[in-house]
Amino acid sequence: HVHSFSVSPPAMVEPAFANAGQKEGLELWRVEKMKVVQRPKEEIGKFYEGDSYILLSTKELPSGKRSWHIHFWLGNESSQDEMGVAAKKTVELDDQLGGAPVQHREVQGAESELFMSYFKDTQICYLPGGVESGFHHVEPEKIRRLLLVKGKRTVRVREVPMSNSELNTGDVFILDLGRKLFLWNGPKSNVHEKKKGLDTMMHIRDNERHGEAEYTFLDTEPDCPEFWEALGGKINVTKEGEPDEKFEQRSAAETKLFCLTELDKPLPHAEDGKLTKADLDEKKMMLVDAGNAIFVWTGAKAPDGLRKTWHSIADEYLKKTGKPNTTPVKCVTHGSEPEIFKDLFSVWTAPRKMTFGPQESKGVARSPVKRQGSADVDMGSLIAQKEAADKPVDDGSGKLTVWRVEGEKGKWDKKEVPADTVGQFYGGDSYIIFYEYMRPGSKKTEYIIYFWQGHQSSTDEKAASAFLTAQLDQEYNDAPVQVRVVQGKEPAHFRTLFKGRMIVHHGGRHSGFRNSQEEDTYDTDGIALFHIKGTNEINTCALQVPEKADSLNSGDCFVLVTPDKVFCWRGTHANDAENQVASTVAESLAKTYLGKGDRSNVPVNEGEEPEDFWTALGGKGEYAKVAPGQLVAQAPRLFDCSDCTGDNQIFEVFHFDQGDLKDGDCYILDTFTEVFVWTGNQADAEIRKFAREVAERFISESTDGRDPHCPVVMTTAGREPPMFTQHFPAWDPEFHNSNAFKDPYQVRLAELQKEKAAREAKLAEKEKDKVVVKDEPAAPAAPVVQVGSGETFSLEVLQKTPAAELGIPPTQKEQFLSDADFQDAFKMGKAEFAALPAWKQKREKERLKIF
């Protein structure tokens, strides 16, 4: 939201907001004694858990206008009165800035990505305590609670009674004793619960306890006495927990949907109690009650007036329903919903699925007892299904700018790609592509921002690409359309932009984070092989593959780059589009590969290869060939057989690549001449049987003229034959090993155990290095000036001089200020200060740097 008018402040301006939002950057106010007080810049990023704050972000746009975001932040222990003041003052600040800002309600520990992005360099710090408002700080030593971690697809955490009778074999539990945390995994708990339990425990340690909490894993210390004593004694846990599916169904049933203006009338939704995207009305603002969190969704055509009151309406809902006032409330907007919101819906973007039996598909198989068998699959629908057309928005003749995402020491920026290499990408990097064009018959400039993420791009690079895209979007007043593009899944328009010159190389730049051990990885020997694959000029591109003979296949084209030549190799059965794109790519690489441009271009037909062609590939070798007279494979189709919802499903995967093969599923690859069944190592016996039966029916019921004795070829993850891999662009033989399933709980557990062992070893080393000096006379004690002696020092001297040098008690420095200096520094007298709780005294002394 950007304004183009001069702001006229209202008649009654909150004094603390007098000059708010006039300069780019962050401004912070805290609610103190029911008033807002601006905090110094050095305190931005530090939040007391017992307080409420208002944070204003101001951004100067290239047009000279400003955009604002107002966040009112509520600490977990903030009083209801303070929360109310923060919400009220947020509206006043919004009004003062002409109604242009976007408002956000933030709750400690559940802040929005935008809010957290302000502190990516400095980090956010939660501090115990708060200003005086009837708040009583709970010391960690007094905390005693037991948390249940439960769920299969959506894992939830909730508090349960402190008793050993709550433990069961199927779930994960966290015992929180303040300074000590314990993680107990039921023997039948699933991997998602274990990972969530571990993450939750470490979040408590790092954020709620500021890193000052010990942790114990009951997996390695099953008889830990402190854990069992806290729960009433050690028992043999045999009770089975509630099935995860039933728990999730019950949790889904508890999810309620309301129109924001009619909170007393929950809206009906799906018969199984689950929400779907169709339940949201773009003309309204809607409230979704997820039990442990509240979401306010703003439709694209919702009235502007409701934007200013959503937080107060949400607060009223919390009171009415008896929910804690610290329940997270998030405001999300149509088109930019976060994953945590989408997860509340059984179907957000429905996959392209087949119907089962004679009944219409409803998005999710519902049978709780009997899983669907292959006989229930509507085979006619399966065979006849075709991909929806992907029509480019224009012919790609607009203005194109491409940047690569680069970072050093965790700071990220865009680096423009030279014009002669636009269209060339590295699989280990992420890119931002900015496209400007005009629609036919329109004089208005339109914008699209694609952010492309390579398969081997690091997590931090992918995150940076999204963040930098959002920044670029703001520079153009939110006018561009943002599109996330994953390598191998590029939409037709994206590939159209590069006119048949899209090339994906191996390697990329290192992560850029301080703790990263990665290095730049590029092909530097001057030899590279590129696989040209596609069905038309739009979707055909070049992908680098291992430079070995077995990477070739008769059905496609390949470009082989050597230090002095570029060979354009045409497979016997390559299509016209692949031949044309191969020529274009060969011409481009001959001029640009590794910055060298004097290579000759040599066309080569399959079977007519010169000796130096094979030499560059390490010698002749076997590859997938088509013999004369043999039936030629048609465009392959891939079908995913999955039981992720608890029932067997099958749906087609379009624009597929190797990364689509998930280790927990089975897949059917139809090439007309063969039907392959690929089995993931984590797939269960039921889905394996289902996939084999569907493959056999696929052949017997096909009406496309194929041989009824067409073979069904069984293959497993990591053992795929060339006749299977040739149908995937740029097949990587090491992909399965590098992406094999790793239990995230075990990985994180190993990291933490290693961290704990290193810390203990370091402490032991310090103890060992301590030198005990015996039989030496003790140094004479420095004279100590007693409080009340009448001697005083200035605040500056107390700040800069150690107490030992002044001869005063180190914990009572403030008592050696004169009464006038004390009043000036602390804004209160010594008697009033002495009446404060200890934690408040400590905070004030820390503020003045005399603690």
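In every chain, residue numbers begin from 1 and rise along the written sequence. Reporting in this predicted model follows two pLDDT cut-offs: at least 70 for local features of residues, and 80 or more for side-chain atom pairs to be given and counted; totals over whole chains, interfaces and linings ignore these cut-offs and use all residues. Values shown for side chains rest on all heavy atoms present in the structure; no hydrogens or waters enter the calculation.

Moving on, we get to the overall build of the protein. In this description a helix means any DSSP run of H or I spanning at least four residues, a strand means any run of E spanning at least two, and both kinds are numbered starting from the N terminus. Secondary structure assignment for the protein yields 21 helices and 35 strands. For the protein, with 851 residues in total, the buried portion stands at 48%. Approximately 42600 Å² of the protein is accessible, and the part contributed by carbon and sulfur atoms is 51%. Partly exposed residues are those whose accessible area sits between 20% and 50% of the maximum for their type, while under 20% is buried and over 50% is exposed, using a 1.4 Å probe and protein chains only. Only the protein chains shown count as cover for residues, and all accessible areas are computed by the Shrake-Rupley method using a 1.4 Å probe.

Two strands qualify as a pair provided DSSP detects at least 2 bridges between them. Looking at chain direction, strand β29 (residues 565–570) and strand β30 (residues 600–605) are connected through 6 bridges and run parallel. In the strand pairing of β30, phenylalanine 567 is matched with valine 602. By convention, a crossover is right-handed whenever its connection, traced from the first strand over the helix to the second and viewed with the strands pointing away, goes clockwise. Handedness of the β29-helix α11 (residues 576–592)-β30 crossover: right-handed.

Moving on, we come to the sheet that holds strand β1 (residues 25–32). Taking strand neighbours across the sheet as the criterion, the 5 strands line up as β2-β1-β4-β5-β6 in an open arrangement whose pairing is mixed. Two strands bound the open sheet, and with one partner strand each, they are β2 (35–38) and β6 (102–107). Between one strand and the next, the sheet's axes are offset by a mean angle of 25 degrees, whatever the strand orientation. Of the strand pairs in this sheet, strand β4 (residues 52–60) and strand β5 (residues 66–74) are connected by 9 bridges, and their pairing is antiparallel. Considered in β5, the bridge of tyrosine 53 is made with tryptophan 73. By definition in these notes, contact holds between two residues if any of their heavy atoms fall within 4.5 Å. Here, axes are lines fitted to C-alpha atoms. For helices the fit covers the stretch in contact, and angles between N-to-C directions go from 0 to 180 degrees. The strands touched by helix α1 (residues 80–96) are β1, β2, β4, β5 and β6; relative to β4, the strand with the most contacts, the crossing angle is about 25 degrees.

Here the focus is α1. For an α-helix, the turn length of 3.6 residues means that residues three or four places apart are oriented alike. One fewer than the residue count of a helix, multiplied by 1.5 Å, yields its expected span. Its 17 residues give α1 an end-to-end C-alpha distance of 25 Å, which sits within 8% of 24 Å, the value for a rise of 1.5 Å per residue. Three or more residues of α1 are buried, namely Glu82, Met83, Val85, Ala86, Ala87, Lys89, Thr90, Val91, Leu93, Asp94 and Gln96. Buried residues along α1 sit in contact with β1, β2, β4, β5, β6 and α6 (310–321). Immediately downstream of α1, the backbone of glycine 98 shows phi near 80 degrees, a positive value.

The next subject is the sheet that holds strand β23 (residues 445–453). In spatial order, the strands read β20-β19-β22-β23-β24; together these 5 strands make up an open sheet with mixed pairing. Every other strand in the sheet has two partners, leaving β20 (411–416) and β24 (481–486) as the edge strands with one partner each. Averaged over neighbouring strand pairs, the angle between their axes works out to 25 degrees when direction is ignored. Inspection of the sheet shows strand β19 (residues 399–408) paired to strand β22 (residues 430–438) by 6 bridges, in the antiparallel sense. Its bridge partner lying in β22, lysine 399 is registered against glutamate 436.

With that out of the way, let us pick up the environment of threonine 673. Along the polypeptide, threonine 673 turns up in the loop between β33 (666–670) and β34 (675–679). Its relative accessible area of 16% is what places threonine 673 among the buried residues. As for threonine 673 and arginine 706, which are separated by 33 residues in sequence, their C-alpha atoms are 7.2 Å apart.

Attention now goes to the state of the cysteines. Criterion for a disulfide: a pair of cysteine sulfur atoms within 2.5 Å. Following the criterion strictly, the structure yields 0 disulfides and no others. With no disulfide of its own, cysteine 641 lies 6.6 Å from the sulfur of cysteine 666, the closest cysteine sulfur.

Examined against the element boundaries, glutamate 578 turns out to sit in helix α11. Overall, the relative accessible area of 2% leaves glutamate 578 in the buried class. Those residues within four positions of glutamate 578 in sequence are excluded, and the remaining contacts are Ile532, Lys533, Gly534, Thr540, Gly555, Asp556 and Cys557.

Okay, the nonpolar core next. Buried residues of nine kinds, namely Ala, Val, Leu, Ile, Met, Phe, Trp, Tyr and Cys, make up a nonpolar core once their side-chain atoms join them within 4.5 Å. By size, the foremost hydrophobic cluster in this structure holds 34 residues, and its most contacted members are Ile433, Trp452, Phe494 and Leu552. Elements supplying a minimum of two residues to this core: β22, β23, β27 (541–545), β28 (557–561), β29 and α12 (611–616). The element best represented in this core is β22, accounting for 4 residues. Dropping the residues within four chain positions of it, isoleucine 433 is found in contact with Leu400, Thr401, Val402, Phe425, Ile448, Ile449, Tyr450, Trp452, Phe494 and Leu497.

Positive phi values are uncommon outside glycine, yet methionine 34 reaches one of about 70 degrees. Inspection of the secondary structure assignment puts methionine 34 in the loop between β1 and β2.

This part covers the packing of aromatic side chains. Aromatic rings from Phe, Tyr and Trp, taking only the six-membered ring of Trp, are treated as a pair when their centres fall within 6.5 Å; an angle between ring planes under 30 degrees marks them as stacked, one over 60 as edge-to-face, and anything in between as tilted. A complete count under the given rule lists 36 aromatic pairs for this structure. When the centroid spacing of 5.0 Å and the interplanar angle of 80 degrees are considered together, the rings of phenylalanine 47 and tyrosine 53 count as edge-to-face. With respect to class, phenylalanine 47 is no different from tyrosine 53; both count as buried. Through a chain of ring-to-ring contacts, three or more aromatic side chains come together here, namely Phe425, Tyr431, Tyr450, Trp452, Phe494 and Phe498. A cation over a ring is seen here: lysine 414 above tryptophan 403, with NZ or CZ 5.2 Å from the ring centre. Two conditions define a charge sitting above a ring: the NZ of Lys or the CZ of Arg must be within 6 Å of the ring centre, and it must be within 35 degrees of the ring normal.

Okay, the pattern of salt bridges next. Should the charged atoms of two oppositely charged side chains come close, the side chains can pair. Take a side-chain nitrogen of Lys or Arg and a carboxyl oxygen of Asp or Glu: if they are within 4 Å of each other, that pair is a salt bridge. If you walk through the whole model with that rule in mind, you get 26 salt bridges. Three or more residues joined by partner-sharing salt bridges are found here, namely Arg30, Glu32, Arg39, Glu43 and Asp51.

What follows is about the environment of tyrosine 667. With respect to the element layout, tyrosine 667 can be found in strand β33. For tyrosine 667, a relative accessible area of 1% gives the class buried. Along the backbone, tyrosine 667 and tryptophan 678 are 11 residues apart, and their C-alpha atoms lie at a distance of 5.0 Å. Ignoring any residue separated from it by four or fewer positions in sequence, one finds tyrosine 667 in contact with Leu638, Phe639, Asp640, Asp660, Leu661, Lys662, Phe676, Val677 and Trp678. Looking at tyrosine 667, its side chain comes within polar contact range of the main-chain nitrogen of lysine 662, at 3.1 Å. Polar contact criterion, stated in full: a pair of N or O atoms within 3.5 Å, where within protein one must be able to donate a hydrogen and the other to accept it, and residues adjacent in sequence count only if both atoms are side-chain atoms.

Do not read the fine detail of predicted coordinates wherever pLDDT is low. Per residue, pLDDT captures the predictor's confidence, and it can take any value from 0 to 100. Across the protein, the average pLDDT comes to 77, with 76% of residues at 70 or higher. Scored below 50 in pLDDT, residues 1–11 shows 23 contacts in the model against residues more than four places distant or in partner chains. Counted against residues more than four places away or in other chains, residues 771–784, with its pLDDT under 50, gives 4 contacts.

Between its terminal C-alpha atoms helix α13 (residues 685–700) stretches 23 Å, which fits the 22 Å expected from 16 residues at 1.5 Å a residue. Turning to α13, its buried residues number three or more, namely Ile687, Phe690, Ala691, Val694, Ala695, Arg697, Phe698 and Ile699. Sitting at the amino-terminal end of α13 is aspartate 684, which places a side-chain oxygen 3.2 Å from the backbone nitrogen of glutamate 686.

Looking at where aspartate 279 falls in the secondary structure, it is placed in the loop between β14 (275–276) and β15 (285–289). Along the backbone, aspartate 279 and leucine 257 are 22 residues apart, and their C-alpha atoms lie at a distance of 8.5 Å.

A word on the side chain of serine 457. Looking at where serine 457 falls in the secondary structure, it is placed in the loop between β23 and α9 (459–475). Side-chain polar atoms of serine 457 contact the side chain of serine 430, separated by 2.7 Å. With residues up to four places along the chain from it excluded, the contact list for serine 457 reads Gly427, Gly428, Asp429, Ser430 and Lys462.

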